[in-house]
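Given next are the chains, with one letter for each unit.
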Amino acid sequence: MVGQDLIIEPIKYRVPLSKPKKGVAGKTGFWRTERPVVDKEKCVKCWLCEIYCPVDVIRVEPETGPTIDYDYCKGCGVCSNVCPSGAITMVPEE
Amino acid sequence: MAQTKPRPPLPYNMRDIVLPGDAACPGCPIPMAWKVLAAVFREKMILVIPACCSSVVVGAYPGNSIKASVVHVAFASAAAVASGIAEALKRRGINDVQVIAWAGDGGTADIGMASLSGAAERNHDIIYIMYDNEAYMNTGIQRSSSTPYGAWTTTTPIIGKTEHKKDVARIMIAHGVPYVATASVAYPHDFYAKLQRARRIKGFKFIHLHAPCPTGWRFDPKYTVHIAKLAVETGLWILYEYYDGKIHLSGPSRPYMDPAKRKPVEEYLKLQGRFKKITPEKIEEIKKYAEEYWDWIKRHM
Ligand code: SF4
Ligand code: SF4
């Protein structure tokens, strides 16, 4: 009986499942027209830029301050807009 | 060096779940909100996503931009599929994974309304999050029933929409579900607290999340958070929770119960290109609608 065979047969073929992967849309840093630059002197380490960054590329550590992964930063400017101390400025990419 | 201050859950818990390099437009509110989901559930969530921007944002095979299980489903069926998954998990005795239906305003207020209503009536143990960018952005900014009064879309008259926004949160309260809340991408700590409360409640939970879209609302992407904040500060978007039969006003919205403390509505509207053609009479109408909404909140507190 074909139907029963289908039911008891375990799946042994490779099922095409998507796996978590960095950069599904490529290196999104190429989209950027403006680059966020952090002035670590002004930074008060409030974490707001990291919390709001839509691409999750900012890491703020109490010891080192914010670092940005420019390979993927899309240059949206949200971080510079939410920063309470004006530590992030957007400079045009050449 | 020893750690002196305790590490706050935000941002430390939200790291490394939403992966960089997704297909979202710059300044998109969707991954911002996912980071808050990640802070609450980490990998232990199953997102059920109907056709919407989010299904594009997670990317196509073989990659997936979020480190969690994602089920892509047809437009009308997010709540139905999520109910099924929640039941299946229950039968298997898996109770540390949260099923989340994540749908846009089109997939909730228009096309998904029937299955949403059914799932709420059966009170399945899921969290339904409607991220509201107030139009069908993915297909080219068409009007949805959640588009606000006076806003331009590609399928409204040139003077803007002539009907008010459908209030889905109030529809869900009328279903008698145990938990309904409104949230905003500009207040991640508030959204985090609401998700923490929702995960402890058994049954159907609904969260209406306000999510400004730079592409569809025609504003500079850097203002995503600023505009979401202004919506709350002008009193147009009210953050509250509903449980135990009562409305509980959330912290960020509490000062704006008093109309004198609210910022002028014009400040919110003038930043957005979709309100370019708005007239003073329409602004009055928007204010009147907001006032009625506040009255309803005050009556049910
Ligand atoms: S510009 Fe946008 S993507 Fe780049 S670090 Fe700032 S918030 Fe993140
Ligand atoms: S928002 Fe500004 S002050 Fe706060 S951590 Fe980021 S750079 Fe520093």
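Here the structure is shown first, and the text comes after it.
Residues numbered from 1 in each chain as written. Chains lettered and ligands numbered in written order. Predicted model: local features only at pLDDT ≥ 70, side-chain atom pairs only at ≥ 80, totals over all residues. Heavy atoms only, no water.

Caption draft 1: Structural detail: the sheet that holds strand β3 (residues 69-72) of chain B. All names here are of chain B. Judged by pairing direction, the sheet is mixed, and its eight strands sit side by side in the order β3-β1-β4-β5-β7-β6-β8-β9 without closing on themselves. Bordering the open sheet on either side are β3 and β9 (246-249), each of which pairs with just one other strand. The sheet shows a mean angle of 20° between the axes of neighbouring strands, direction not considered. Running over the sheet, helix α2 (residues 29-41) touches β1 (45-49), β4 (98-104), β5 (127-132) and β7 (205-210) and is turned about 170° from β4. (Pairing = 2+ DSSP bridges. Helix = DSSP H or I, 4+ residues; strand = E, 2+ residues; numbered from the N terminus. Axes fitted to C-alpha atoms, helices over the stretch in contact; angles between N-to-C directions. Contact = heavy atoms within 4.5 Å.)

Caption draft 2: Summary view of the nonpolar core. Residue and element names in this part refer to chain B. By size, the foremost hydrophobic cluster in this structure holds 124 residues, and its most contacted members are W34, L37 and W102. Considering every element that reaches this core, the biggest residue donor is α2, with 10 residues. Setting aside residues up to four positions removed in sequence, W34 forms contacts with V18, L47, I49, S54, V57, V58, S65, I66 and W102. (Core = buried A, V, L, I, M, F, W, Y, C linked by side-chain atoms within 4.5 Å. Buried < 20%, exposed > 50% of the residue type's maximum accessible area, 1.4 Å probe, protein only.)

Caption draft 3: Seen up close, the site of ligand 1. Near ligand 1, the surroundings consist of 13 residues, among which A:C53, A:C73, A:C76, A:G77 and A:C79 are the closest. Within the shell around ligand 1, the residues separate by chemical class into 10 nonpolar, two polar and one charged. (Near = heavy atom within 4 Å. Nonpolar A, V, L, I, M, F, W, Y, C, P; charged D, E, K, R; others polar.)

Caption draft 4: Geometry of the site of ligand 2. Taken together, the neighbourhood of ligand 2 is formed by A:C43, A:V44, A:K45, A:C46, A:W47, A:C49, A:V60, A:P66, A:C83, A:P84, A:S85 and A:I88. Its residues placed into classes, the shell around ligand 2 shows 10 nonpolar, one polar and one charged.

Caption draft 5: How the structure looks around the interface of chain A and chain B. Facing the 34 residues of chain A at the interface are 45 residues of chain B. Run the count over chain A and chain B and you get six salt bridges. We note a salt bridge from A:E50 to B:R15, for which the minimum N-O separation is 2.6 Å. Our enumeration of links across chain A and chain B arrives at 19 residue pairs in polar contact (both at pLDDT 80 or more). Of all the elements in the fold, those that place two or more residues in the side of chain A that touches chain B are β1 (19-20), α2 (48-52), β3 (58-61) and α3 (78-82) of chain A. Residues that form the side of chain A that touches chain B fall into these classes: 19 nonpolar, six polar and nine charged. With two bridges connecting them, β1(A) and strand β2 (residues 63-64) of chain B associate as parallel partners. Within β2(B), the residue paired with A:K19 across the bridge is B:G63. (Salt bridge = Lys/Arg side-chain N within 4 Å of Asp/Glu carboxyl O. Polar contact = N/O pair within 3.5 Å; in protein donor to acceptor, adjacent residues only side chain to side chain.)

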